Each structure stands twice: as C-alpha cells, then as structure tokens.
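# Per-entry structural report
This is what each chain is made of:
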Amino acid sequence: LLTQTLLVGHHAFACWNGDRRLLAEHGDNFRRIEERTSIVPFRAILEGRQKLPPDYYKELLRAPYALIAVGSIGAYLAHPYMQAGAALAKNTGLVDGGVFDGLLG
C-alpha cells in the first residue's frame, strides 16, 4: 500500500512539475493546449474538448500492440507449464533434497 501511494504521489508531482515547467517555457501556447487536454484518461474526449478520428482503432492494430497482447496471453497460458518446470527442477536433484540426489550426488 505504501509503494502504491508513493508511486501515485510521484506521478502527481511529475504532472504538476511538468505543467509548471511547460507553462514557464511556453506561456500562452501551453495554456491553449492545456485547455484541450487532460491528464485524466479520456476526460477531454468525454467532455468534447477532443475528438477521436474515425479510424482510431487502427492504432491498436499495430505490431507492437499485437506483440504485447500475444506475449501476455501466451505467458498466461504457459503458467501451468512454467510451474511444472519449476517443480521438476526442484524435484530432480538440481536442488538439495531433490529426488535424484542419490543418482547425481
């Protein structure tokens, strides 16, 4: 819980400090962009300050997103095999007290 709280606090400070720095550097130009955007995901779209293009879904069909999706699903489905491999390594004498200690030791 402490780690999560500190992480949220760190990001809140980073947003505030970034806005402060950009305002000092760009002034009114930053204010115009700030009026159209939000640090809260999708808030500017829901409030009508921004509009998604009709082909927004194409962004999600790019190779990096597909690779992350396939890798995540693959890791999820491979968990039983990873757990079995870990149990096999523990029970084959590769770890002290394994079943093959007498043969390999």
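Residues numbered from 1 in each chain as written. Predicted model: local features only at pLDDT ≥ 70, side-chain atom pairs only at ≥ 80, totals over all residues. Heavy atoms only, no water.

### Overview of the overall build of the protein
Put simply, the rule is: Only runs of H or I of at least four residues qualify as helices and only runs of E of at least two qualify as strands under DSSP, and these elements are numbered from the N terminus. Using a 1.4 Å probe on the protein chains alone, a residue whose accessible area is under 20% of its type maximum counts as buried, one over 50% counts as exposed, and one in between counts as partly exposed. Working rule for contacts: check all heavy atoms of both residues, and any pair within 4.5 Å makes them a contact. For the accessible areas, the method is Shrake-Rupley and the probe is 1.4 Å, while residue cover comes only from the protein chains on display.
Across its full length, the protein carries five helices and zero strands. Across the protein, helices and strands are ordered from the amino to the carboxyl terminus as α-α-α-α-α. By residue count, 6% of the 105 residues in the protein fall in the buried class. The long-range fraction of contacts in the protein, counting pairs at least 24 apart against all pairs at least 6 apart in sequence, stands at 3%. Total accessible area on the protein is roughly 9,300 Å²; 65% of this is exposed by carbon and sulfur atoms.

### Here's the deal with the confidence of the model for the protein
Detailed reading of the predicted coordinates is not advisable wherever pLDDT is low. Keep this limit in mind: Note: pLDDT gives the predictor's confidence per residue, expressed from 0 to 100.
For the protein, per-residue confidence averages 87 on the pLDDT scale, and residues scoring 70 or more make up 84% of the total. In the model of the protein, helix 5 (residues 101-104) stands out as the element of lowest mean pLDDT, 63, in contrast to helix 1 (residues 2-26), which has the highest, 95.

### Quick notes on a nonpolar patch on the surface
For clarity, the threshold we go by: Patches here are clusters of residues that have more than 30% relative accessible area and form no salt bridge, with a 9 Å joining cutoff for like charges and a 5 Å cutoff for nonpolar side chains (Val, Leu, Ile, Met, Phe, Trp, Tyr). Basic side-chain nitrogens of Lys or Arg form a salt bridge, by our definition, when they fall within 4 Å of a carboxyl oxygen of Asp or Glu.
Residues Leu52, Tyr56, Tyr57 and Leu61 make up a contiguous nonpolar surface patch of about 440 Å² in total accessible area. Tracing the backbone through its elements, the reader meets Leu61 in the loop between helix 3 (43-46) and helix 4 (63-90).

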